[in-house]
Amino acid sequence: MNERLGSPPDALQSPELGPEAFARITALAHREAGLHIANDKSAMVRARLARRLRILDLPDFDAYADLVTGDGGRTEISAMISALTTNLSHFFREKHHFEIFRADVLPPLIARARAGGRVRVWSAGCSNGQEPFSIAMTLLDAGMPADADVRILGTDIDPEVIRFARAGVYAEPMLTGLSDQARATYLEQSVGEDGARWQVRAPLRDLVKFRVLNLLEDWPMRGRFDAIFCRNVVIYFDDDARRRLWPRLARALEPGGFLFIGHSERVAGPARRLLSNTNVTTYLRSSSQSDRSAPQIN
């Protein structure tokens with residue numbers, strides 16, 4: 001979940017979104033994905049779901065609410081959550097995090113990997129894949145051995161963006177943030193029917209595994225991570241969901257591991273006993289805490 005472009009240009013031609021349909025849709029989005037949509041966001045919901053009405057050939061939002069809350073609406077719920085969340089990102093977004101990652105986090109991890117140890121990094125809410133691929137580039141540029149036991153996990157609630165990320169193919173406008181050197185080293189150009197495309201090269205793709213994951217549900221992974229990037233995700237959650245998520249992320253970190261969050265996000269509540277703020281939206285997992293309730297992480 002990252003930032004999306006503005007409302008569709010033809011959103012104003014969509015049916016009106018009445019208060020009852022709005023309440024049903026937002027209640028479902030909260031129950032299924034923890035999304036907190038304020039009452040003054042009716043215009044946003046209407047704009048983002050207008051295309052779904054056209055695709056499904058539905059006359060109004062009441063019919064759409066009937067669909068997603070009915071027995072046959074499970075498939076459409078996934079599309080609805082995708083439309084309501086944001087999926088625009090770019091490479092090396094919030095560049096200072098990657099500078100901190102390279103300078104403060106990677107040196108001991110590279111030493112561990114060279115000695116035969118494992119390294120694990122999680123990009124939670126990875127959207128179209130630019131973030132985990134940026135992490136992989138940073139690892140390799142810093143001297144991480146390509147054949148080391150290193151894995152980056154990229155997860156997102158949206159199956160469509162996970163399919164996109166796995167393919168690792170980007171149009172020119174999606175390469176924002178990449179230097180010419182990084183482009184030449186890690187991507188190769190191909191030409192599609194609608195213009196040039198850039199394919200992430202195999203050595204980089206091999207470092208990253210993608211899977212669909214709802215952060216508010218069970219996590220089917222075993223082990224802990226050395227660093228977690230969970231940026232511009234919890235801004236969509238209500239306070240209760242945030243209070244529950246921060247400690248889970250903390251416990252998913254190795255002692256001494258790092259958590260990177262979005263520029264408008266702050267860790268609060270009980271998780272502050274586990275995480276200390278070390279830099280701009282950067283948190284360190286206390287190495288003095290012994291917490292055996294880590295999630296199961298593959």
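Here, residues in each chain are numbered from 1, in the same order as that chain's written sequence. Note on the predicted model: pLDDT of at least 70 is required for a residue's local features to be given, and 80 or more for side-chain atom pairs to be given and counted; whole-chain, interface and lining totals, by contrast, use all residues. To get the side-chain values, take all heavy atoms of the structure and skip hydrogens and water.

Asker: For this particular structure, what's the right way to read helix α10 (residues 239-251)?
Answerer: The α-helix winds at 3.6 residues per turn, so residues separated by three or four positions along the chain end up facing the same way. Secondary structure follows DSSP: runs of H or I at least 4 residues long count as helices, runs of E at least 2 residues long count as strands, and numbering of each begins at the N terminus. To estimate how far a helix should reach, multiply one less than its number of residues by 1.5 Å. The terminal C-alpha atoms of α10 lie 19 Å apart, and with 13 residues this matches the ideal 18 Å at 1.5 Å per residue to within 8%. Of the residues making up α10, those classed as buried are A241, L245, W246, P247, L249 and A250. Those residues of α10 that are buried lie in contact with β1 (118-124), β7 (225-230), β8 (253-261), β9 (275-279) and β10 (282-285). To sort residues, take the accessible area from a 1.4 Å probe on protein chains only and compare it with the maximum for the residue type: under 20% means buried, over 50% means exposed, and anything in between is partly exposed. Residue contacts are counted whenever heavy atoms from the two residues lie within 4.5 Å of one another.

Asker: I tried to follow the pattern of salt bridges on my own but got confused; where do I start?
Answerer: Close approach of charged atoms allows side chains of opposite charge to pair. Any Lys or Arg side-chain nitrogen found within 4 Å of a carboxyl oxygen on Asp or Glu counts as a salt bridge. Counted according to the given criterion, the structure contains 12 salt bridges. One salt bridge connects E16 with R46, and the closest N-O pair in it is separated by 3.6 Å. Here R46 lies in helix α2 (residues 42-56) and E16 lies in the segment before α1 (19-33), a separation of 30 residues in the sequence. Judged by its relative accessible area of 61%, E16 falls in the exposed class. In this structure, R231 engages E131 in a salt bridge whose closest nitrogen and oxygen atoms are separated by 2.8 Å. Taken together, the residues span a long stretch of sequence, with R231 in the loop between β7 and α10 and E131 in helix α6 (residues 130-141) at a distance of 100 residues. With relative accessibility at 4%, the residue E131 sits in the buried group.

Asker: Teacher, can you tell me more about the environment of S89 here?
Answerer: By the secondary structure assignment, S89 is in the loop between α4 (74-84) and α5 (95-114). We classify S89 as buried; its relative accessible area is 8%. In sequence terms S89 and E131 are 42 residues apart; their C-alpha atoms lie 7.9 Å from each other.

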